[in-house]
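Here is what each chain is made of, one letter per residue.
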Amino acid sequence: MSDILRAKNLYKSFGRKHVLNDFSMSLEEGKVYGLLGKNGEGKTTLIRMIMGIIPCDKGKIHYKESEIKFNHPLYKKEVGYIAEESIFFGWMTIRDLMAFNSSFYSKWNENRAKDLLDRFDLEGRLKIKTLSRGMKLKLGLIVALAAEPELLILDDPTSGMDVPTRHDFLKGIISEILEQGTSILFSSHMVHELEGIIDHLGILHDGKLILEDNFEKVKNNAKKVHLVFDGSVPDGIDIEGMLTKQTDGNKCDLGIYPWSEDVKKGLEALHPTKMDTESMTLEEIFIHFVS
Amino acid sequence: MFAKIFIKEWKENVLIFSLANFMMAALIILNLTGQEEMTIYSSGMFLLLFLPLAALLIGSGGFYTEHKDNAWIYLFSRPIKKESLWIFKYVSQLSILIVIFVIFYFVRRFLPGLDKIFQDLDLNYPAAFGKFTLSLYIVMPLIAFTISFSLSMLHDKQFIVIFVSILIGTALIFAWQYYVYFLWAQGFYLKNEGIFSLFFTLSFVFASILTLARSDFSQVGKKIFRFSKYLLIFLIISFFISTVWVTRGQIFSSNGSFSIWYDQVYQGSLYFQDFRQGILRYNPDREKIEKLNKESRFSFESFSLRAGKILFLQIKSRRQWTHDLWIMNTDGTGARPLVESSEKDSLFYKKRTISFILSPDANRVAFITTHDEKVGERSVPIHTLWRMNTDGTGLKSRILDVPESHEASLISWPSYGDDLVVLITTGPFVRQKSSQIRLVDLDEDTSQVLAEDVLVPPVWRLSPSQDYLTYKIRNIDQNKESLIILDLKNLETTELFSANFLKLWKGKWSPDGRKLAFSRERELWVYDIMEKKLEKISIRNYEYEIGFDWTMDGQKFILLAPVDGENQLVILDKKFQEEKTIKIPMQFKGAITVRVLENGAILKGTVKGHFWYVDLETEEWKKVY
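Residues numbered from 1 in each chain as written. Chains lettered and ligands numbered in written order. Predicted model: local features only at pLDDT ≥ 70, side-chain atom pairs only at ≥ 80, totals over all residues.

Trainee: Now, about the interface of chain B and chain A: what can you tell me, with residues and values included?
Mentor: Tallying the contact residues gives 21 residues for chain B and 23 residues for chain A. Elements represented by at least two residues in the side of chain B that touches chain A include exactly helix H1 (2–12) and helix H5 (72–76) of chain B. Counting residues per element, the side of chain B that touches chain A draws most heavily on H5 of chain B, at three residues. Among the residues making up the side of chain B that touches chain A, the classes are represented as nine nonpolar, five polar and seven charged. (Contact = placed C-beta atoms within 7 Å. Helix = DSSP H or I, 4+ residues; strand = E, 2+ residues; numbered from the N terminus. Nonpolar A, V, L, I, M, F, W, Y, C, P; charged D, E, K, R; others polar.)

Trainee: Provide a residue-level description of the nonpolar core, including the pertinent values.
Mentor: Generally speaking, nonpolar side chains in soluble globular proteins are found buried as a group. Ile-153, Leu-185 and Phe-186 of chain A together with Ala-54 of chain B are the most contacted members of the largest nonpolar core, which totals 139 residues. Ignoring any residue separated from it by four or fewer positions in sequence, one finds Leu-185 of chain A in contact with Leu-5, Leu-27, Tyr-33, Leu-35, Ile-153 and Leu-154 of chain A. (Core = buried A, V, L, I, M, F, W, Y, C linked by C-beta atoms within 7 Å. Buried ≥ 20, exposed ≤ 12 C-beta atoms within 10 Å, placed from the backbone.)

Trainee: Provide a residue-level description of unusual backbone geometry, including the pertinent values.
Mentor: Going from Tyr-257 of chain A to Pro-258 of chain A, the amide bond is cis rather than trans, its omega being 0°. Position of Pro-258 of chain A relative to the elements: it lies in the loop between strand S13 (251–256) and helix H8 (261–268). Within the chain, Asp-445 of chain B stands out as a residue other than glycine whose phi angle is a positive 55°. Relative to the elements of secondary structure, Asp-445 of chain B occurs in the loop between strand S15 (434–441) and strand S16 (446–455). Although it is not a glycine, Leu-491 of chain B adopts a positive phi angle of roughly 60°.

Trainee: Break down the sheet that holds strand S27 (residues 578–583) of chain B for me, citing the residues and quoting the values.
Mentor: All names here are of chain B. Read from one edge to the other, the open sheet built from four strands follows the order S24-S25-S26-S27, with strand pairing classed as antiparallel. Edge positions in the open sheet fall to strand S24 (547–550) and S27, since each of these has one partner strand only. Neighbour to neighbour, the strand axes of the sheet diverge by 25° on average, direction disregarded. Direction of pairing for strand S26 (residues 566–572) relative to S27: antiparallel, over a ladder of five bridges. (Pairing = 2+ DSSP bridges. Axes fitted to C-alpha atoms, helices over the stretch in contact; angles between N-to-C directions.)

Trainee: Describe in detail the packing of helix H2 (residues 14–32) of chain B against helix H3 (residues 36–60) of chain B, supporting the description with residues and values.
Mentor: Residues and elements named next belong to chain B. Close contact between H2 and H3 brings their axes to 10 Å; oriented N to C, the two are set at 170°. One element, H2, and the other, H3, form an angle in the roughly antiparallel class. Across from Ile-16, Ala-20, Met-23, Ala-26, Leu-27, Leu-30 and Asn-31 in H2, the residues of H3 making contact are Met-38, Thr-39, Ser-42, Ser-43, Phe-46, Phe-50, Ala-54, Leu-57 and Ile-58. Of the residues assigned to the contact of H2 with H3, the class counts are twelve nonpolar, four polar and no charged. (Parallel < 35°, antiparallel > 145°, perpendicular 65-115°, else oblique.)

Any functional reading would require information that these geometric values do not contain.
Given below as structure tokens:
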């Protein structure tokens, strides 16, 4: 399957701070890409660069086969974007916004917009400035989805949502979107939410992707290992792929990626009295990689 | 998409638009209810205060909601080019201003009372495109709107945008004015100086669009830096293009355009002043125009011609900006300097001659010089009035009491004696100059104020003998203006007209100095000095008149006016009855004036090559200059 979005060797600095430093990624058509990173690592910057809101200092971004140049907006007709904050004109009513926004998109689906408004209990007459943060995010979602995008870019969309809405969004809406074949770039700091949704995982740290792979593969290759020794934990445990190490008396917990038979043999060579391995959750994978 | 942006921008500015309409409705009501004073006051407020302020407010709020609601991100992530976004927003907001102008136009048009008030208040913008002129009250708000709109994307605080817009706009206009003066001082004849305001406004537009399209809006410092960089580049380009535009190739070529500044008919010839050529003479009996002052290429804008002599100023050179006062015979012979301000051993060294006049017999001259003198820490301009014989003897002088920032000029040396009439007027940057006329006697060393609150008199102020002076005065207490004729012999004044706003156009004394013809709005009037009789001339109802003159014998009157949609020369007999009309076969550019010689008339435009002579009998036309 071909890539719908590709970023190659991106650089972006704000003053002396290098936010993205030789960053590259790719998203396959019809897949969900989960982009994880701590606050301030540059997720929003990357998304804004993809959306042509800010220019990159260096590097290239491709949407489908075409290179995206700053201020070449045509590809945005096919891209839905939900920002992490409210970005709408406060004085407009929801109805105004829908009408205004519809003029930008040839594929604007009025019925879908109405359905989603009903589903999220949003009335057209309400002024945007009177809406809560959660309601504004729902509105952002409606605006993005009614344009029937081929690529949906979500910048931490669930942070202000109440629990039922978030649940509906993650379990219901995302599934519906995926059924339509829409590709998604999903950035979130609520790491656990992405579990079960994403196909591909990227972890952004210090301006670079320190992990980018198929999520299933990552899950299979990321292991927590609990070792128990007779005496004290041997000094200088140096296993290939060791991400973290925590010792407590004669116990030692390791985070390993990628897991392999050679790694297993290497651990067994340390002669632990007990060795348990278990798969990591996405949250644990993330913590192990960035800590 | 544009329609939606259009609606959005209108909704955001509905308050200012409503306020403008409310103000115009108030003006209509005031006008209809006959409250003239209040209407004048409110109209002034509307033109001078509200329109520019509304333009600044709409412009400075151009991107206000984008700043306030962080809606940049929303707009930038839509499939629309940023340049298009800028242009759509600009056009939408400009349309609000345009609609206000259009409503204002119709309000004026349908209420004649109001139209008259606005006409009196109105000022024409310095013509940037030749014939095409715009009201200053339209041009200035448009410039203010465009600058503040261009700057509005840099800052969210509207008052800061307004302040910076006014500051930069004013600084640029002043800088350009000084630069234009510098060019003029270098000897360039300048045309359409107003063009720079168009170019510098466009500089803001381009800088703003490029900044929006190319810069990172998440970094305010970078955004402002980039805007400043673009603006500087475009301003430099604007300066360059404007310089070329106003000088029209004179920088690259020594043969620029010609400009006729001043003319006078004397003994059947027309004497006129061309900025580059000097003083020239045209006599219909001779084929060629004669160049009279052969010594210098650069001359002052006027000369004094009396009793067979011409007194004139010559500029030494482009680099040495000093004026020397010269005298010569009317045939160009006997030219010699009288006052040399560039000679170190001269009494007049570093004294700049600013005004001069010949005595009735042309044996003496009077002139005013200025120079700076240190008074404490400050440098104060000193105005001195001088009089001397043309052989350099009999020099007398008196320092004139001229308030700071005022100017002094000699306007008359009457035929009966040695009194000199001096006009003291406010500086060059005051539109409605309020001046004082004084009578100075250098022998007795006295000075007498003849008139106060004089609105700078038009060029037809003096009778041929210089014994009668015409001027307009304003009585602020009574809120009225009057047209006065002063007999300098006995200092008697006669009030010809009086009104709130006296709109006088052209005027012309008959060659014998007995009658003064002048136009007041669309009416032609003649005043007989001897009979003290003012008469309105009943001629066909022209929409407006362009120029008129008496024949040399004073028996006929020539009027240049539109007849059946085209300009024609209309010849009236001494009773002002239409005798005949002569069609004008060529198109003139700029203002046209009429000068009557012995048997013909000269039609003079302001552009090179538009100087034609017509024989009034044969109706033959001849291109003169």
